[in-house]
Every structure is written in structure tokens, then in C-alpha cells.
Amino acid sequence: QVELVESGGGLVQAGDSLNLSCTISGNLQYTFGMGWFRQSPGKEREYVASMFWLTNDTYYGDPAKGRFTLSRDDVEKTLKLQMNSLQINDTAIYYCAESRLTFYGNADEYHTWGQGTQVTVSS
């Protein structure tokens, strides 16, 4: 059983940065990928970034390319998403998720989710 708890969201201005954390607990023996997704009101869940857990290789969705960086800290047992140059359309609830099937961006193949952390970007 894997449990995920997100933190680090908040209200920032356009152009600011935020560093989201996903605290991970439980058995990761079968974990294939860990990722971040986001969802805005009235929109479908959107892929942000993910990591192949065995190699630390990272992959990014279009919203994240060139602005966000995904990393892991095995001492703190966290998955971090550094977000720079935030824009108003980055406003969303950001979710951390774990998959035993994939390390790419298909949300349907992620079966363990955190409760999410709200990121709000104002002008």
C-alpha cells in the first residue's frame, strides 16, 4: 500500500516559483512510475511530469517543458516538482500519483493518488 501526501501549493503572482512536494510512504517494491498531474475547474486531469522510478529518468508534458523540474529525494522520501515562471493558466489542483504499469502520462494507468494541493497564480 502506497500513500501520497502533497504539499507546497499556495497563492503566487505570475512569474513566481513554487516547489511542490509529494511525501511518499508504503511499499514501493512494485512502483514503475511516479508523476504529477493537475486539474482545473471544468477541465480534464492534465499530465504534468513523471519519473521512471527505477532509473530516475524524467518526462514532461507540454505545460511543464522548459519551466518545471521533477526530482526525487530518497532521504526525505519525496517527489518534488519545482515550478518556475508560473502563469495564470497554471492555476489548478496538483496531484501526485503512483503507477505500477507506466512511467508516462496516461492518468488511467496511475492507481494511487494523493489528495492534491492547490496552486493559484494571480496577475
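Structure: see above.
Bear in mind the structure is a predicted one, so any value in this text is a computation, not a measurement.

Draft legend 1. How the structure looks around the overall build of the protein chain. In terms of regular secondary structure, the protein chain is built from zero helices and eleven strands. Ordered by position from the N terminus, the helices and strands of the protein chain form the series β-β-β-β-β-β-β-β-β-β-β. Against the globule reference of 14 Å for 123 residues, the protein chain gives a C-alpha radius of gyration of 13 Å, in line with a compact fold. With the C-alpha coordinates of the protein chain rotated into their principal frame, the extents come out at 45 × 30 × 25 Å. In the protein chain, buried positions account for 43% of the 123 residues. A separation threshold of at least 6 residues defines the contact pool for the protein chain, and within that pool the share at least 24 residues apart is 57%. Split by element, the accessible area of the protein chain, about 6,300 Å² in all, is 48% carbon and sulfur.

What counts, and where the lines are drawn
Residues numbered from 1 in each chain as written. Predicted model: local features only at pLDDT ≥ 70, side-chain atom pairs only at ≥ 80, totals over all residues. Heavy atoms only, no water. Helix = DSSP H or I, 4+ residues; strand = E, 2+ residues; numbered from the N terminus. Rg over C-alpha atoms; globule rule 2.2 N^0.38 Å. Buried < 20%, exposed > 50% of the residue type's maximum accessible area, 1.4 Å probe, protein only. Contact = heavy atoms within 4.5 Å. Areas by Shrake-Rupley, 256 points an atom, 1.4 Å probe, with all protein chains shown as cover.

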